Amino acid sequence: MNSHTKRSWGEAFRALTNPRVITMLFLGFSAGIPILLIFSTLSIWLREAGVERATVTYFSWAALGYSFKFVWAPLIDRLPLPVLHTALGRRRSWLIVAQTAIIAAILWMGLTDPAQNLTMMAFAAVALGFASATQDIVIDAYRIEAVDVDLQAMMSSAYIAGYRIGMIVAGAGALTIAALIEGEGTYQPLAWRVAYGCMALAMCVGVLTTLLVSEPVVVRKDSKYFHQTSDYIRFILMFALTIITFIAANIYVGDALAPLKTSMIDGGMTKELAGFLTGTLQLAVAVIVAIAVAWITTLAGITPREMVRETYVAPIKDFIDRYGKVAIIVLALIGFYRIADIVMGVMANVFYTDIGFSKEEIAAVSKTFGLFMTIGGSFLGGILSVRYGVIRVLFLGALLSAVTNILFAIMAQIPANTAMFAVVIMADNLSGGLATAAFIAYLSGLTNISFTAMQYAIFSSIMTLFPKVIAGFSGTAVDAVGYQAFFVGTAILGLPVLVLVVLAGRLTDVEHPKAKKPAR
């Protein structure tokens, strides 16, 4: 594994008080608020408003921006915002715009009654998802550029802690506010208006943080092609046409494939597999059509080919040039590192219910106690990474994530026991927090400062793509082999990751990235 200058425990703990690390706690809080306002909190509001269950689930698509944020991440790397760029700098200017857009979208949702105008609520939710994903892109870029790689794990620890606290506020906090105003068994839009208004007010924490912190000092190579305002307008026009085409194609192809999905299911194929196959085909066609439109705009002269190459091709080429054939191992590690955790995690709540735990027990142990264990694990991962290095903690996190899944297999063999439940949750969430902190630090070390937003957005999309695809079949696997064999199987899935960590540690040097990142 690559070299690391071992630090004292005192130096490791002092890293917690670094001003940049504290800043990430507040920015993480700002990032954690929007996600539940699209998912669980909004779902409860929609059900109370009498929206059908099938329609409620469609609203989860509003968060697709999180999965495709690498599409517009290059804009954030390349495009300076008029006036704000001069006043605040590249990262802070984009951050303040994203946070303002989040506040506006939350207020838009709060002022919309889904019982009266469901379409308007859908537009507001999509706007919130897009603005929130944009904020994530900028925060990731800010975090990577603000400190050296040896503090990245601690920065990610503070971010995770703040993010989880933000989720509590947007989840339990928003629901509590709505419940205090709303009478039991009645639907009152005012209650949700006030709750979402309070969430918009909570976003001011992020706005104030952005205004108070300093811009990261980095040296970038100026663009060869972005000089005048017209250059940016032409590029944005190409981008807008491509996105509109992608959305339209996705909707049209989805409707066209609906009969095919039905015939697959009628022919004996499982609903999950039919949905996966048609969904993959739908996405592939939409992406191909969107790329074709982007290519046509370059042929038509709307956007110069060199400009597109610098924005989208150069970040990928840079990564391949720096790592060569080793890039395959690195990408495999990124794509598989969280597989044991994610594949097991999608069945966790169903498992707790099936073995006899009540909703109150699940909320108290898994959600509340588990939350503090995750935060504790993330800070432990940060401290250990500062002392021993990212790669060693990355290996430890992968090992513990696989081993703790065995504890779930043991729990599946015994009657519901709250003490055992707490022990398993403590082990699982501590290891998960530790692994996540080290993994984020590792991804940060892979980026080139010239393409921070784009490269990290690609990495963060890859890291959940394949595990989520496999996780879609978790329910089918449990039905086939039972919980015990399923949990053992997820642990086995995590073992090849250990080999990938060792290989990546030997062949790459994220501990001293400057040696791998020539000035551009």
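Conventions and cut-offs
- Along each chain, residues carry numbers from 1 onward, in the same order as the chain's sequence is written.
- Under the rules for a predicted model, residues below a pLDDT of 70 receive no local features and side-chain atom pairs below 80 are neither given nor counted, while totals for whole chains, interfaces and linings still include all residues.
- Hydrogens and water molecules were not included; the side-chain quantities draw on all heavy atoms of the structure.
- Helix and strand definitions here come from DSSP, where helices need a minimum of 4 consecutive H or I residues and strands a minimum of 2 consecutive E residues; each element is numbered from the N-terminal end.
- To get the radius of gyration, use the C-alpha atoms; to get the globule rule, take the number of residues to the power 0.38 and multiply by 2.2 Å.
- Each residue is placed in one exposure class: buried if its accessible area under a 1.4 Å probe, protein chains only, is under 20% of its type's maximum, exposed if it is over 50%, and partly exposed if it falls in between.
- All accessible-area figures derive from a Shrake-Rupley calculation using a 1.4 Å probe, and residue coverage is judged against the displayed protein chains alone.
- Pairing of aromatic side chains requires ring centres within 6.5 Å, counting the rings of Phe and Tyr and the six-membered ring of Trp. Pairs whose planes differ by under 30 degrees are stacked, by over 60 edge-to-face, and all others tilted.
- The angle between two axes is taken between their N-to-C directions and runs from 0 to 180 degrees, where each axis is a line fitted to C-alpha atoms and a helix contributes only its stretch in contact.
- Any angle from 65 to 115 degrees is called roughly perpendicular, while one under 35 is roughly parallel, one over 145 is roughly antiparallel, and all others are oblique.
- The contact rule is simple, with two residues in contact once any of their heavy atoms fall within 4.5 Å.
- Ten residues, namely Ala, Val, Leu, Ile, Met, Phe, Trp, Tyr, Cys and Pro, are considered nonpolar, four, namely Asp, Glu, Lys and Arg, are considered charged, and the remaining ones, Gly among them, are considered polar.
- Any carboxyl oxygen of Asp or Glu within 4 Å of a side-chain nitrogen of Lys or Arg constitutes a salt bridge here.
- Disulfide: a pair of cysteine sulfur atoms within 2.5 Å of each other.
- Working rule for helices: expected span equals 1.5 Å times residues minus one.
- Here a cavity denotes grid points, spaced 1 Å and computed from the protein atoms alone, that fit a 1.4 Å probe unable to get out, and a pocket denotes an open set having protein on both sides within 12 Å along at least 5 of 7 lines; residues with an atom within 4 Å of a point are the lining.
- Grid points are joined across faces, edges and corners, and a volume is the space filled by probe spheres set on the points.
- Residues forming no salt bridge and having over 30% relative accessible area are the ones grouped into patches, like charges within 9 Å of each other and nonpolar side chains (Val, Leu, Ile, Met, Phe, Trp, Tyr) within 5 Å.
- As a per-residue measure, pLDDT reflects the predictor's confidence and takes values from 0 up to 100.
- The term polar contact refers here to a pair of N or O atoms within 3.5 Å; inside protein, the definition further demands a hydrogen-donor-capable atom paired with an acceptor-capable atom, and it admits residues adjacent in sequence only when both atoms are side-chain atoms.
- At every residue, the bend is computed as the angle between two fitted axes, covering the seven residues ending there and the seven beginning there respectively.

Student: So what exactly am I meant to see when it comes to the overall build of the protein chain here?
Tutor: Each helix and strand in the protein chain was counted, giving 22 helices and zero strands. Its C-alpha radius of gyration of 23 Å places the protein chain within 12% of the 24 Å reference for a compact globule of 520 residues. In terms of principal-axis extent, the alpha carbons of the protein chain reach across some 65 × 60 × 50 Å. Burial statistics for the protein chain: of 520 residues in total, 50% are counted as buried. Looking at the protein chain as shown, the accessible area adds up to about 23,100 Å², and 69% of this sits on carbon and sulfur atoms.

Student: Would you mind going over the packing of aromatic side chains with me for this structure?
Tutor: Pairs of aromatic rings are described using the distance from one ring centre to the other and the angle between the two planes. Following the criterion strictly, the structure yields 17 aromatic pairs and no others. Pairing tyrosine 159 with tyrosine 163 gives two aromatic rings, centres 5.8 Å apart and planes at 40°, and the pair type is tilted. Taken together, the residues span about one helical turn, with tyrosine 159 and tyrosine 163 both in helix H9 (residues 152–181) at a distance of four residues. On the accessibility criterion, tyrosine 163 (19% relative accessible area) is buried.

Student: How should I be thinking about the packing of H9 against helix H18 (residues 359–388) in this particular structure?
Tutor: Two measures define how a pair of helices packs: the angle their axes make with one another and the distance between the axes. Two elements in contact, H9 and H18, have axes whose closest approach is 7 Å; the angle formed by their N-to-C orientations is 170°. Between H9 and H18, the angle is such that the two are roughly antiparallel. Taking contact as the criterion, the partners of Ala153, Met154, Ser157, Ala158, Ile160, Ala161, Arg164, Ile165 and Ile168 in H9 are, on H18, Leu371, Thr374, Ile375, Ser378, Phe379, Gly381, Gly382, Ile383, Ser385 and Val386. Classifying every residue of the contact of H9 with H18 gives 12 nonpolar, six polar and one charged.

Student: Help me understand the pattern of salt bridges in this model?
Tutor: When the charged atoms of two side chains with opposite charge come close together, those side chains can pair. In the structure shown here, the tally under the stated rule is five salt bridges. The residue arginine 91 makes a salt bridge to glutamate 145 at a minimum N-O spacing of 2.7 Å. Of this pair, arginine 91 sits in helix H7 (residues 90–110) while glutamate 145 sits in helix H8 (residues 118–146); the two residues are 54 residues apart in sequence, bridging distant segments of the chain. With a relative accessible area of 1%, arginine 91 lands in the buried category. Classification of glutamate 145 as buried rests on a relative accessible area of 7%.

Student: Explanation requested: the state of the cysteines in the structure shown.
Tutor: Here a disulfide denotes a covalent bond joining the sulfur atom of one cysteine to the sulfur atom of another. What the rule picks out here adds up to zero disulfides. We note that cysteine 198 lacks a disulfide partner, and the nearest cysteine sulfur, in cysteine 204, lies 11 Å from it. Overall, the relative accessible area of 31% leaves cysteine 198 in the partly exposed class. Note on cysteine 204: relative accessible area 31%, which makes it partly exposed.

Student: Just checking my understanding: could you explain H8 for this structure?
Tutor: Residues spaced three or four apart along an α-helix face the same direction, because each turn holds 3.6 residues. Given a rise of 1.5 Å per residue, 29 residues ought to cover 42 Å, and the 41 Å separating the end C-alpha atoms of H8 matches this to within 8%. Burial analysis of H8 places 21 of its 29 residues in the buried class, which makes it a mostly covered element.

Student: Which parts of the structure should I look at to understand empty space enclosed by the protein?
Tutor: The probe, sized like a water molecule, is rolled over the atoms to show the empty space still left. Counting across every chain of the model gives two cavities of 30 Å³ or more. Taken as a whole, the largest cavity spans an internal volume of roughly 80 Å³. What lines the largest cavity is simply Tyr337, Arg338, Asp341, Gly397, Ala398, Ser401, Gly432, Ala435, Thr436 and Phe439. The set of elements that each furnish at least two residues to the lining of the largest cavity consists of helix H19 (390–411) and helix H20 (418–446). Here the residues of the lining of the largest cavity sort into four nonpolar, four polar and two charged. In this model, the second largest cavity occupies a volume close to 30 Å³.

Student: What exactly am I supposed to notice about a nonpolar patch on the surface here?
Tutor: A cluster of nonpolar residues, Ile406, Ile410, Val488, Ile492 and Leu495, forms a patch on the protein surface that exposes about 370 Å² of accessible area. When contributions to the nonpolar patch are tallied by element, the ones reaching two or more residues are H19 and helix H22 (474–507). Broken down by element, the nonpolar patch gets its largest block of residues, three residues, from H22. Tracing the backbone shows leucine 495 in helix H22.

Student: Explanation requested: the side chain of glutamine 152 in the structure shown.
Tutor: Locating glutamine 152 in the fold gives a position in helix H9. Beyond its immediate sequence surroundings of up to four residues, glutamine 152 is in contact with Arg143, Ile144, Val147, Ala441 and Ser444.

Student: I would appreciate a short explanation of the confidence of the model for the protein chain in the present structure.
Tutor: Low pLDDT means the predicted coordinates in that region are not meant to be read closely. Residues with a pLDDT of 70 or more make up 91% of the protein chain, whose mean pLDDT is 85. Under a pLDDT of 50 for its full length, residues 514–520 has, in the predicted model, 15 contacts with residues more than four places off or in other chains.

Student: Could you clarify how one ought to interpret the side chain of threonine 41 in this entry?
Tutor: The topology assignment puts threonine 41 in helix H3 (residues 40–48). Engagement of the side chain of threonine 41 in a polar contact is seen with the backbone oxygen of alanine 170, the distance being 2.8 Å. Apart from the residues within four sequence positions on either side, threonine 41 is in contact with Leu36, Ala170, Gly171, Ala174, Leu175, Trp192 and Tyr196.

Student: Can you help me understand H22 in this one?
Tutor: The first and last C-alpha atoms of H22 sit only 34 Å apart over 34 residues, clearly below the 50 Å expected at 1.5 Å per residue. Of all bends in H22, the biggest is about 115°, found at glycine 482.

Student: Help me understand the environment of leucine 277, please; the structure alone is not making it clear to me.
Tutor: In this fold, leucine 277 is placed in helix H13 (residues 271–299). For leucine 277, a relative accessible area of 36% translates into the label partly exposed. Each C-alpha atom, one on leucine 277 and one on methionine 264, is 9.8 Å from the other, the two residues being 13 residues apart in sequence.

Student: What is the right way to read the environment of proline 315 from this model?
Tutor: Positionally, proline 315 belongs in helix H14 (residues 305–323). Since its relative accessible area comes to 2%, proline 315 is described here as buried. Measuring from C-alpha to C-alpha, the distance between proline 315 and threonine 452 comes to 8.7 Å, with 137 residues separating the pair along the chain. Excluding its chain neighbours within four sequence positions, the residues that come into contact with proline 315 are Glu310, Phe451, Met454 and Gln455.

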